[in-house]
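Coordinate analysis (summary)
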Amino acid sequence: MKLRIAIQKSGRLNEDSLDILKNCGVSIDNGKDQLKASARNFPMEVFYLRNGDIPQYLKDGVVDIAIIGENVLFEKGEGITVAEKLGFSKCKVSMAIPKGKQYTSFKDFEGKRIATSYPNTVNKFLEQNGINADIHLINGSVEIAPNIGLADAICDIVSSGSTLFKNNLKEVEVLLKSEAVLAVSPKIDNERKVILDKLLFRIQSVLKARQ
Ligand code: PRP
Ligand code: MG
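Here is a short report on the structure shown in this document. All residue numbers refer to position in the chain's written sequence, counted from 1. The naming scheme follows written order: chains are lettered A onward, ligands numbered 1 onward. In keeping with the predicted nature of the model, local features appear solely for residues at pLDDT of at least 70, side-chain atom pairs appear and are counted solely at 80 or more, and the whole-chain, interface and lining totals rest on all residues.

1. Topic: the pairing of strand S11 (residues 180-184)
To keep it simple, the criterion reads: Residues with at least 20 other C-beta atoms within 10 Å of their own are called buried, those with 12 or fewer are called exposed, and the rest are partly exposed. The C-beta atoms themselves are positioned from the backbone. The way it works is that DSSP assigns letters per residue, a run of H or I at least four long becomes a helix, a run of E at least two long becomes a strand, and they are numbered from the N terminus. At least two bridges found by DSSP between two strands are what make those strands a pair.
A large share of S11 lies buried, amounting to five of its five residues. Of the two faces of S11, the one lined by Ala-180, Leu-182 and Val-184 and the one lined by Val-181 and Ala-183 are each fully buried. For strand S5 (residues 81-85) and S11, the ladder comprises four bridges, and the chain directions are antiparallel. Within S11, the position partnered with Lys-85 by the bridge is Val-181.

Given below as structure tokens:
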């Protein structure tokens, strides 16, 4: 019996995810060539997946746990629980508009076109504030949208802020703050839960040592 964990295949979380597992004494290959790897010294199988696909795998119970950003869970992670916050990959999900445009309040989004990869997150924000706006779904390079006339505003991840800066945008609303977490499938079985508890114990020791 093995615990099945999903990890981001490439991108910001990949390295830190493997790092924390390594600190837990679990050694695995980095997934650059293989999409599935077995841990050498722990009953665990690793699946390297695209970030956006991971919530569905957790919901279906195809994987038991995952290291993923809270922002992705907020967008499409209903039913998935968080076992531990991992303290890395901190970022915000924010609304931004062209630097030269004035901004007074969220009411300024009324009737505007907003480009984003996070439609549910933006919709929630708009609904909470009683705003009507058009959402344009883009899967990457969202910050270019205002410059090519595709949108008046964007909603995307802000980490260092350099992508906003380079595209002449300014952050005007923070919709949520996020970091990497250990997420758990609602379908995990009891045998694998026992393995998860062992892993969690190690993770908590590592996090304590990092403080
Ligand atoms: C992510 C995100 C932002 C940027 C934020 O994009 O979508 O654009 O990083 O980071 P920063 O504040 O440190 O600049 P990524 O580079 O992963 O590319 P993508 O949007 O094309 O997926
Ligand atoms: Mg981007």
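2. Remarks on the pairing of strand S9 (residues 153-158)
Looking at chain direction, strand S6 (residues 91-98) and S9 are connected through five bridges and run antiparallel. Within S9, the residue paired with Val-93 across the bridge is Ile-157. Pairing between strand S7 (residues 113-116) and S9: three bridges, direction parallel. Within S9, the position partnered with Ile-114 by the bridge is Ala-153.

3. Details of the nonpolar core
For clarity, the threshold we go by: A set of buried Ala, Val, Leu, Ile, Met, Phe, Trp, Tyr and Cys residues, joined through C-beta atoms within 7 Å, is what we mean by a nonpolar core. The contact criterion used is a C-beta to C-beta distance within 7 Å, with each C-beta placed from the backbone.
Judged by nonpolar contacts, the single largest core of 35 residues is most densely connected at Ile-5, Ile-65, Ala-66, Ile-67, Ile-68 and Ala-183. Every element with two or more residues in this core is listed here: strand S1 (3-8), helix H1 (12-23), strand S3 (44-49), helix H2 (54-60), strand S4 (65-69), helix H3 (70-76), S11 and helix H6 (190-210). If we skip the residues at most four places from it in the chain, Ala-66 touches Ile-5, Ala-6, Ile-54, Leu-58 and Ala-183. In terms of nonpolar packing, the next biggest core, distinct from the first, is built from 17 residues, Val-93, Ile-114, Ala-115 and Val-142 among them.

4. Things to note about the sheet that holds S7
Selection rule: Helix axes use the C-alpha atoms of the stretch in contact, all axes being lines fitted to C-alpha atoms, and the angles between their N-to-C directions lie in the range 0 to 180 degrees.
The strand order S8-S7-S9-S6-S10 describes an open sheet built from five strands, whose pairing is mixed. Either end of the sheet is taken by a strand with one partner, and the two such strands are strand S8 (134-137) and strand S10 (169-178). The sheet shows a mean angle of 25 degrees between the axes of neighbouring strands, direction not considered. Lying over the sheet, helix H4 (residues 119-128) contacts S6, S7, S8, S9 and S10, oriented at roughly 170 degrees with respect to S8.

5. Concerning H1
Operational definition: Each direction from the helix axis to a C-beta atom contributes to the arc, which is the arc of those directions.
Among all positions of H1, only Leu-13, Ser-17, Leu-18, Ile-20 and Leu-21 are buried. The arc enclosing the buried residues of H1, seen along the axis, measures out at 160 degrees, which places them on a common side. Those residues of H1 that are exposed and aimed more than 90 degrees away from the buried face are Asp-19 and Lys-22. In this structure, the buried residues of H1 make contact with S1, S4, S11 and H6. Phi turns positive one or two residues past the end of H1, at Gly-25, with a value near 85 degrees.

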